[in-house]
Every structure is written in C-alpha cells, then in structure tokens.
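Per-entry structural report
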Amino acid sequence: MHLVFPAVLSMLLFCAGVYGVLARRNAILVLMAVELMLNAVNLNLVAFDVWLRDRLHSGQALTLFTIAVAAAEIGIGLAIVLMVYRGRGTSDVDRLRDTAEPGPGDQDAADGPADAPGTPAHRTEAHRTEASA
Amino acid sequence: MSPAAQSHGFLSPSGAEVAFVLVGLVTFGAAIVTVTTRQIVHAALWLVVALGGIAVEYLLLTAEFIAWVQVLIYVGSVVVLLLFGLLLTKAPIGRSPDADSGNRWAALLVAAASAAVLVWVVVDAFRATWIDLDGPAAGSAAVTGASLFRHWVLPFEALSVLLLAALVGAIALSRRQPPAAAAGSRAPDAAQEGGR
C-alpha cells in the first residue's frame with residue numbers, strides 16, 4: 001500500500017479537528033474535535049509502524065498509550081465541563097472569559113488602566129461580574 | 001527508486017488501496033459533518049462513523065489489535081461519555097443556531113491553510129514510499145502483547161497510575177459541593193478546590 005494514503009487521510013482528519021476546535025462554541029463539540037485530532041495522530045503512528053516494522057513495535061505501543069491517555073482526557077474534560085455547567089449554567093466557551101485580557105472588542109479596553117487611577121479596579125470587577133452573569 | 005518500488009504505481013492500485021481510499025473518503029466526510037453540523041447530537045453520532053472508519057483503516061493496515069481497541073474504547077466508551085455529557089448539559093435537540101462561534105471563517109482559513117501545507121509536504125516526502133503489507137504479522141494480539149509486556153512494561157504501568165489519577169480526579173471534580181461551600185462566594189470555593 002502506498003504510504004501517502006494513510007498519511008494524507010491523517011492530515012485531513014487533523015485539519016478537520018483543528019477547524020472544529022477553533023470554530024465550535026459548545027465545549028463538548030470542542031472535545032469531539034480534539035478526539036478527531038488524536039485519532040489522526042493514531043492513524044499516522046500505525047501507518048508508520050507498519051511501514052518501518054521496528055523490533056519494539058513502537059508505533060502500535062504508542063498508539064495504545066495514546067488511546068488510554070485520550071480516554072483519561074475525555075473523562076477529565078467532561079468532568080470539568082459539567083462542573084462549569086453547574087456553576088455557570090452554560091457550556092459555551094465564548095462566554096467563559098474570566099481569565100481573558102480585555103481585547104479591542106470589549107467596551108472597557110479603549111482607555112487603559114493608567115489614565116484613570118480610581119476606576120480600573122472597579123471596572124474590571126464590573127467586567128468580571130458581567131462576564132460571569 | 002528501487003526495482004521493488006517500480007512494480008507499484010498509482011495507476012494499478014491493489015484491492016487494499018481501493019478499500020482504503022473508499023473508507024477514507026467516508027471517514028473524512030463523517031469528520032467534516034461532525035465539525036460542521038448544527039445538530040449537536042448528530043455530531044456525536046457522526047463521530048461514531050468517523051471513529052469506526054478509522055478502525056477499518058487499522059484493519060486494512062493489518063493492525064488488528066489496535067482496531068478492536070479502537071472500537072472498544074472510542075466507539076464503546078468515549079462516544080457514550082460524550083452523549084452523557086450532552087445529556088447532562090441539556091444540549092438542545094434539533095438545530096441550534098449558536099453551535100459555531102463568530103470566528104468560523106478565520107477557523108476555516110487556518111484549517112484550509114494547514115491542510116494544504118501538510119498534504120503538500122507529506123505527498124512530496126512520501127511520494128515513492130510503499131508499505132509492504134505481506135510481511136510477518138505486525139499487529140496481531142500475540143505480537144502486540146509480547147512487545148507491550150516485554151519492552152514497554154514500565155510505560156504501561158505508569159499509564160495505569162495515570163488512569164487511576166484521572167479516575168480520582170474526575171470523581172473529585174464532579175462531586176457535589178457541600179452546602180457550606182455552595183452557599184458562600186466563589187473565593188472560598190476556589191481555595192477548597194486547590195486544597196483537595
């Protein structure tokens with residue numbers, strides 16, 4: 001079999017996963033896209049193991065390890081998503097902006113914290129409560 | 001190019017190659033639907049098709065044990081976990097208009113650019129490389145088990161510790177908060193989380 005076929009399929013699946021991670025808004029859909037990326041890596045590992053045929057069977061052993069790590073990752077990830085959903089009432093990754101720096105789209109980003117000494121703490125506090133509401 | 005490689009060609013594909021390409025098209029299509037559909041439960045079900053297609057690709061690459069592990073772990077447990085997650089976060093049934101965020105076109109641009117670069121590099125690098133599928137069995141349960149328990153024992157045991165840690169962590173994360181912490185503000189809650 002030509003090695004290009006599994007390699008190209010793996011690259012295409014990985015890029016589909018990249019699109020899903022970047023474009024999705026629901027946290028569980030993001031986790032699904034992460035699973036697609038991990039599966040693309042697994043396919044690459046298996047294809048190169050079959051091609052190289054090393055004595056240790058590194059590719060297939062690493063594939064098994066990746067599958068186990070992915071299972072652990074999805075368990076922890078879902079537990080975190082459920083905890084966030086219970087605390088915030090949403091699993092929308094666009095609305096979890098507590099640790100985000102104020103970007104150009106936010107309304108309190110135009111004036112920096114230096115020009116108004118009294119207000120910034122109050123402003124960031126108001127911003128935080130608004131983001132978490 | 002070696003004489004063995006000259007006997008192959010794109011114009012005379014073997015049966016395994018034809019099957020690989022067909023299953024690969026189905027897998028890639030299912031992956032695309034998974035990341036683009038607006039019906040969230042349908043995305044999980046199309047993910048089953050994509051993961052099952054990858055299991056068939058493993059079989060075609062003679063990695064039998066990995067294929068069955070893929071079916072057991074991914075199709076059997078990961079997708080079920082995802083469906084339970086959708087259930088517990090009250091995902092909307094039917095079309096949800098806000099499944100995609102506003103930066104969809106930037107994401108599409110990034111994904112298409114990386115796909116073009118990666119496919120070009122991979123095709124250019126492995127244009128004349130062929131996998132010999134007729135050699136000794138590389139993926140049966142006997143061979144995989146022997147190599148796993150002969151050469152990979154220490155990582156295997158470390159992996160069991162990792163799985164135990166993940167299990168304990170998932171239980172600790174999803175445990176219901178005691179009423180005192182739930183009634184208070186979020187600051188003592190965070191302190192308690194760090195202390196666990």
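Remember, predicted model here, so these are calculated numbers, not experimental data.

Helix and strand counts for chain B come out as 9 helices and 0 strands. Split into buried and exposed, the 196 residues of chain B put 32% on the buried side. Of all intrachain contacts in chain B linking residues separated by at least 6 positions in sequence, the fraction that spans at least 24 positions is 60%. Roughly 11200 Å² of accessible area belongs to chain B as shown, and the carbon and sulfur atoms make up 73% of that amount.

On inspection of all chains with the given rule, the structure shows 5 aromatic pairs over all chains. An angle of 70° between the planes, with centres 5.2 Å apart, marks the rings of Phe48(A) and Phe126(B) as edge-to-face. You can see Phe48(A) sitting in helix H2 (residues 27–52) and its partner Phe126(B) sitting in the loop between helix H5 (104–125) and helix H6 (141–151), one on each of two chains. The exposure class assigned to Phe126(B) is buried, which follows from its relative accessible area of 18%. One aromatic cluster is present, built from ring pairs that chain together Phe48(A), Trp51(A) and Phe126(B).

This part covers the packing of helix H1 (residues 4–23) of chain A against H5(B). Between H1(A) and H5(B), whose axes approach to 9 Å, the crossing angle comes to 165°. Here H5(B) runs roughly antiparallel to H1(A), going by the angle between their axes. In this structure, the crossing between H1(A) and H5(B) has a hand that is right-handed. Residue-level inspection shows Val4(A), Ala7(A), Val8(A), Met11(A), Leu12(A), Cys15(A), Val18(A), Tyr19(A), Leu22(A) and Ala23(A) of H1(A) in contact with H5(B), the latter providing Arg104(B), Ala107(B), Leu108(B), Val110(B), Ala111(B), Ser114(B), Ala115(B), Leu118(B), Val119(B), Val122(B) and Val123(B).

For the rest of this paragraph, the subject is the UniProt feature "transmembrane region" (unreviewed entry) in chain A. Residue and element names in this part refer to chain A. Here, UniProt's "transmembrane region" (unreviewed entry) annotation points to residues 30–52 and 64–85. Split by type, residues 30–52 is 100% helix and 0% strand. Its first and last C-alpha atoms lie 33 Å apart. Counting secondary structure, residues 64–85 comes out at 100% helix and 0% strand; the distance between its end C-alpha atoms is 31 Å.

Before going further, it helps to spend a moment on helix H3 (residues 40–60) of chain B. Here H3(B) spans 31 Å end to end across 21 residues, near enough to the 30 Å set by a 1.5 Å rise per residue. Of all the positions in H3(B), only Ile40(B), Ala43(B), Ala44(B), Leu47(B), Ala50(B), Leu51(B), Gly53(B), Ile54(B), Ala55(B), Glu57(B) and Tyr58(B) are classed as buried. Those residues of H3(B) that are buried are in contact with H1 and H2 of chain A together with helix H2 (15–36) and helix H4 (64–88) of chain B. Looking one or two residues beyond H3(B), the residue adopting positive phi is Thr62(B), at roughly 65°.

Taken together, the contact pairs 70 residues of chain A with 90 residues of chain B. Both sides of the chain A and chain B interface together cover about 7300 Å² of buried area, and 76% of this is carbon and sulfur. The largest share of the area that chain A buries against chain B comes from Met1(A), Tyr19(A) and Arg24(A), three residues that together contribute 12% of it. Between Asp100(B) and Arg24(A) there is a salt bridge, with its nearest N and O atoms 2.8 Å apart. Where chain A packs against chain B, one counts 15 residue pairs in polar contact (both at pLDDT 80 or more).

Further remarks concern the pattern of salt bridges. Inspection of every chain in the model, using the stated rule, returns 6 salt bridges over all chains. Where Asp94(A) meets Arg25(A), a salt bridge forms, and the shortest distance between an N and an O atom there is 3.0 Å. A residue pair is termed long-range when its members are at least 10 positions apart, and Asp94(A) in the loop between helix H3 (58–88) and helix H4 (120–132) and Arg25(A) in the loop between H1 and H2 qualify at 69 residues. Linked through salt bridges whose partners overlap, the residues forming this network are Arg24(A), Asp100(B) and Arg104(B).

This part covers the UniProt feature "transmembrane region" (unreviewed entry) in chain B. Following the UniProt record, the feature "transmembrane region" (unreviewed entry) maps to residues 18–36, 43–61, 67–93, 105–123 and 152–173 of chain B here. A distance of 31 Å separates the end C-alpha atoms of residues 152–173 of chain B, which is 95% helix and 0% strand.

Moving on, we come to the nonpolar core. Side chains of a nonpolar character, in soluble globular proteins, are inclined to be buried together. If you look at the biggest cluster of nonpolar residues, it comprises 65 residues, and the most contacted ones within it are Met32(A), Tyr58(B), Leu61(B) and Leu82(B). At the level of elements, H1, H2 and H3 of chain A together with H2, H3, H4 and H5 of chain B are the ones that each hand at least two residues to this core. Of the residues forming this core, the biggest block, 12 residues, is contributed by H2(A). Those residues within four positions of Tyr58(B) in sequence are excluded, and the remaining contacts are Asn39(A), Asn42(A), Leu43(A), Val46(A), Ala63(B), Ile66(B), Ala67(B) and Gln70(B).

A few words now on the side chain of Asp100(B). Tracing the sequence through the fold places Asp100(B) in the loop between H4 and H5. Under the relative-accessibility criterion, Asp100(B) is labelled buried at 6%. At 2.8 Å, the side chain of Asp100(B) and the side chain of Arg24(A) are in polar contact.

So, on to unusual backbone geometry. Note on backbone geometry: most residues besides glycine have negative phi, and most peptide bonds are trans. Residues and elements named next belong to chain A. At Arg 53, a residue that is not glycine, the phi angle is positive and equals roughly 55°. In this structure, Arg 53 sits in the loop between H2 and H3. When its relative accessible area of 29% is taken as the criterion, Arg 53 is described as partly exposed. Even without a glycine there, the phi angle at His 57 is positive, about 55°. Assignment of secondary structure puts His 57 in the loop between H2 and H3. On the accessibility criterion, His 57 (15% relative accessible area) is buried.

Cut-offs and rules
Residue numbers restart at each chain and count upward from 1, following the sequence in its written direction. Chain letters and ligand numbers both follow the written order, the letters beginning at A and the numbers at 1. With the structure being a predicted model, the display of local features is reserved for residues of pLDDT at least 70 and the display and counting of side-chain atom pairs for 80 or more, all residues being used for whole-chain, interface and lining totals. As a rule here, side-chain values cover all heavy atoms of the structure and leave hydrogens and water aside. Helix and strand definitions follow DSSP, with helices as H or I runs of at least four residues and strands as E runs of at least two, each counted in order from the N terminus. The rule is simple: take the accessible area with a 1.4 Å probe, protein chains only, and divide by the maximum for that residue type; under 20% is buried, over 50% is exposed, in between is partly exposed. The contact rule is simple, with two residues in contact once any of their heavy atoms fall within 4.5 Å. All accessibility values rest on the Shrake-Rupley procedure with a 1.4 Å probe; residue burial counts only the protein chains present in the view. Classification of ring pairs rests on two measures: the distance between centres of Phe, Tyr or Trp rings, Trp counted by its six-membered ring, which must be within 6.5 Å, and the angle between planes, read as stacked under 30 degrees, edge-to-face over 60 and tilted in between. To get an axis, fit a line to the C-alpha atoms, keeping to the stretch in contact for a helix; angles then go from 0 to 180 degrees between the N-to-C directions. Here is the rule for angles: anything less than 35 degrees is roughly parallel, anything more than 145 is roughly antiparallel, 65 through 115 is roughly perpendicular, and the remaining ranges are oblique. Helix crossings fall into two classes, left-handed where the near helix is turned counterclockwise from the far one by less than a right angle and right-handed where it is turned clockwise. UniProt positions are given in the numbering used here, feature names are shortened, and annotations may be inferred rather than shown by experiment. Expected span of a helix, by definition, is 1.5 Å for each gap between consecutive residues, and there is one gap fewer than residues. Once two parts are put together, the accessible area they lose, assessed with a 1.4 Å probe and summed over both, is termed the buried area. What makes a salt bridge here is a side-chain nitrogen of Lys or Arg within 4 Å of a carboxyl oxygen of Asp or Glu, nothing more. The term polar contact refers here to a pair of N or O atoms within 3.5 Å; inside protein, the definition further demands a hydrogen-donor-capable atom paired with an acceptor-capable atom, and it admits residues adjacent in sequence only when both atoms are side-chain atoms. Side-chain atoms within 4.5 Å are what join buried Ala, Val, Leu, Ile, Met, Phe, Trp, Tyr and Cys residues into a set we call a nonpolar core.

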